[in-house]
Amino acid sequence: MKFSEYNPSKIEEINRLFIKTFSDSEGKSEGLVIGELTNNFMTNTDADDFYCFVVRENNEIIGAVFFSKLTFESGVKAYILSPMATLTKHQGKGIGQKLINFSLDVLRKNGVELAVTYGDSNFYSKVGFKQITEAIVPAPLELSYPEGWLGQSLIGDRIDPIVGKSYCVEALNKQDLW
Ligand SMILES: CC(C)(COP(=O)(O)OP(=O)(O)OC[C@H]1O[C@@H](n2cnc3c(N)ncnc32)[C@H](O)[C@@H]1OP(=O)(O)O)[C@@H](O)C(=O)NCCC(=O)NCCS
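Residues numbered from 1 in each chain as written. Predicted model: local features only at pLDDT ≥ 70, side-chain atom pairs only at ≥ 80, totals over all residues. Heavy atoms only, no water.

## Re the nonpolar core
Note the threshold: Nonpolar core, defined: a set of buried Ala, Val, Leu, Ile, Met, Phe, Trp, Tyr and Cys residues in which side-chain atoms within 4.5 Å join the residues together. The classification of residues rests on relative accessible area computed with a 1.4 Å probe and restricted to protein chains. Under 20% of the type maximum is buried, over 50% is exposed, and intermediate values are partly exposed. Put simply, DSSP H or I for four residues or longer makes a helix, DSSP E for two residues or longer makes a strand, and each gets a number counted from the N terminus. Here, two residues are considered to be in contact whenever any of their heavy atoms come within 4.5 Å of each other.
Of all hydrophobic cores here, the largest spans 60 residues; its most connected members are Ile14, Phe18, Phe67, Val137, Trp149 and Trp178. Every element with two or more residues in this core is listed here: helix H1 (11–26), helix H2 (28–44), strand E2 (50–57), strand E3 (60–72), strand E4 (77–86), helix H3 (95–109), strand E5 (114–118) and strand E7 (149–153). Looking at this core, the element that brings in the most residues is E3, giving 8 residues. Setting aside residues up to four positions removed in sequence, Phe18 forms contacts with Ser23, Ile34, Thr38, Ala64, Val65, Phe66, Pro83, Met84 and Ala85.

This is how it looks when you write it as structure tokens:
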């Protein structure tokens, strides 16, 4: 298995991976919503404002994860992990956790101080995320599922509460996604 940042020549393959994986797990219409989101990151988002990391086996991309910039009035350097997918037939073998750990190492080396995500704490707690509240980290849009608001400091043991508003990139700035 090889872990790396994505190559823009692979945009179509990455979109297909997300559409297929989310169609398998949550139905076709959710697959298309997530495919539109990943395409929006890779084609309409400033390259400095997002990361996409992939894991390849035999030259096929079998997993991928996106991180996009969260801007805080306080100036904390932060990214949000969303979405991620491991091809259905490769799930449950530790690939997703390895991919996240690889990605967080790169972010840390690039000076990112805080990683947050919005999802299943049973999975994300395996890679260091803990439940947080909006009193600790304000969310950019209203959270329909506040229990899924998760974060981890990349520079210390705990997250110092952040005061003021936060803003996400345009691709994520849709209430339906939250
Ligand atoms: C969530 C997801 C990215 C996890 O990737 P993965 O490569 O299967 O993750 P790992 O194998 O590293 O870890 C899976 C862990 O989560 C659980 N898990 C999640 N999906 C699982 C599956 N299909 N089969 C088995 N375990 C699964 C297990 O408890 C496992 O824990 P363990 O290692 O202690 O046994 C993947 O299941 C996926 O793509 N799901 C569909 C899309 C999705 O929901 N994405 C996340 C929201 S953005």
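That covers the picture; the talk isn't over yet.
## Quick look at the packing of aromatic side chains
What counts, and what does not: When two rings of Phe, Tyr or Trp (its six-membered ring) have centres within 6.5 Å they constitute a pair, described as stacked for plane angles under 30 degrees, edge-to-face for angles over 60, and tilted for the intermediate range.
Evaluated as defined, the whole model comprises 17 aromatic pairs. Taking 5.3 Å as the distance between ring centres and 20° as the angle between the ring planes, the aromatic pair formed by Phe41 and Phe66 counts as stacked. Remark: Phe66 occurs in strand E3 and Phe41 occurs in helix H2; sequence separation between them is 25 residues. Judged by its relative accessible area of 0%, Phe41 is buried. Assessed through its relative accessible area of 0%, Phe66 is described here as buried. With 6.0 Å between their ring centres and 80° between their planes, Tyr124 and Phe129 make a pair best called edge-to-face.

## Thoughts on the side chain of Gln152
Put simply, the rule is: Side-chain atoms alone can form a polar contact between residues adjacent in sequence; in general such a contact is a pair of N or O atoms within 3.5 Å, and within protein one must be able to donate a hydrogen while the other accepts it.
Among the secondary structure elements, Gln152 is positioned in strand E7. Looking at Gln152, the relative accessible area reads 10%, which means it is buried. A distance of 2.8 Å separates a polar atom in the side chain of Gln152 from the backbone oxygen of Val127. Those residues in contact with Gln152, other than ones at most four positions away along the chain, are Leu104, Glu113, Leu114, Ala115, Val127, Gly128, Phe129 and Ile159.

## A look at the side chain of Thr21
Mapping Thr21 onto the fold places it in helix H1. Thr21 gets classed as buried once you look at its relative accessible area, which sits at 4%. Excluding anything up to four places from it in sequence, Thr21 contacts Ala85, Thr86, Leu87, Thr88 and Gln91.

## Some remarks on H3
What counts, and what does not: One less than the number of residues in a helix, times 1.5 Å, gives the span that helix is expected to have.
In this model, H3 (15 residues) spans 21 Å end to end at C-alpha, consistent with the 21 Å of a helix rising 1.5 Å per residue. Directly beyond the C-terminal end of H3, a positive phi value near 85° is found at Gly111.

## Structural notes on the packing of H1 against H2
Our working definition: For helices, the fitted axis covers only the stretch in contact; all axes are lines through C-alpha atoms, and the angles between them, taken along N-to-C directions, range from 0 to 180 degrees. Any angle between 65 and 115 degrees counts as roughly perpendicular, while under 35 counts as roughly parallel, over 145 as roughly antiparallel, and the rest as oblique. It is the rotation of the near helix from the far one that decides the hand of a crossing: anticlockwise by less than a right angle makes it left-handed, clockwise makes it right-handed. Amino acids outside the nonpolar list (Ala, Val, Leu, Ile, Met, Phe, Trp, Tyr, Cys, Pro) and the charged list (Asp, Glu, Lys, Arg) are all regarded as polar, and Gly is one of them.
Contact geometry of H1 with H2 gives a least axis separation of 7 Å together with a crossing angle of 155°. The angle between H1 and H2 falls in the class roughly antiparallel. H2 is crossed by H1, and the crossing has right-handed handedness. Listed contacts from H2 to Ile11, Ile14, Asn15, Phe18, Ile19, Phe22, Ser23 and Glu26 of H1 are Lys28, Glu30, Gly31, Leu32, Ile34, Gly35, Thr38, Asn39, Met42 and Thr43. For the contact of H1 with H2, the per-class residue count stands at 8 nonpolar, 7 polar and 3 charged.

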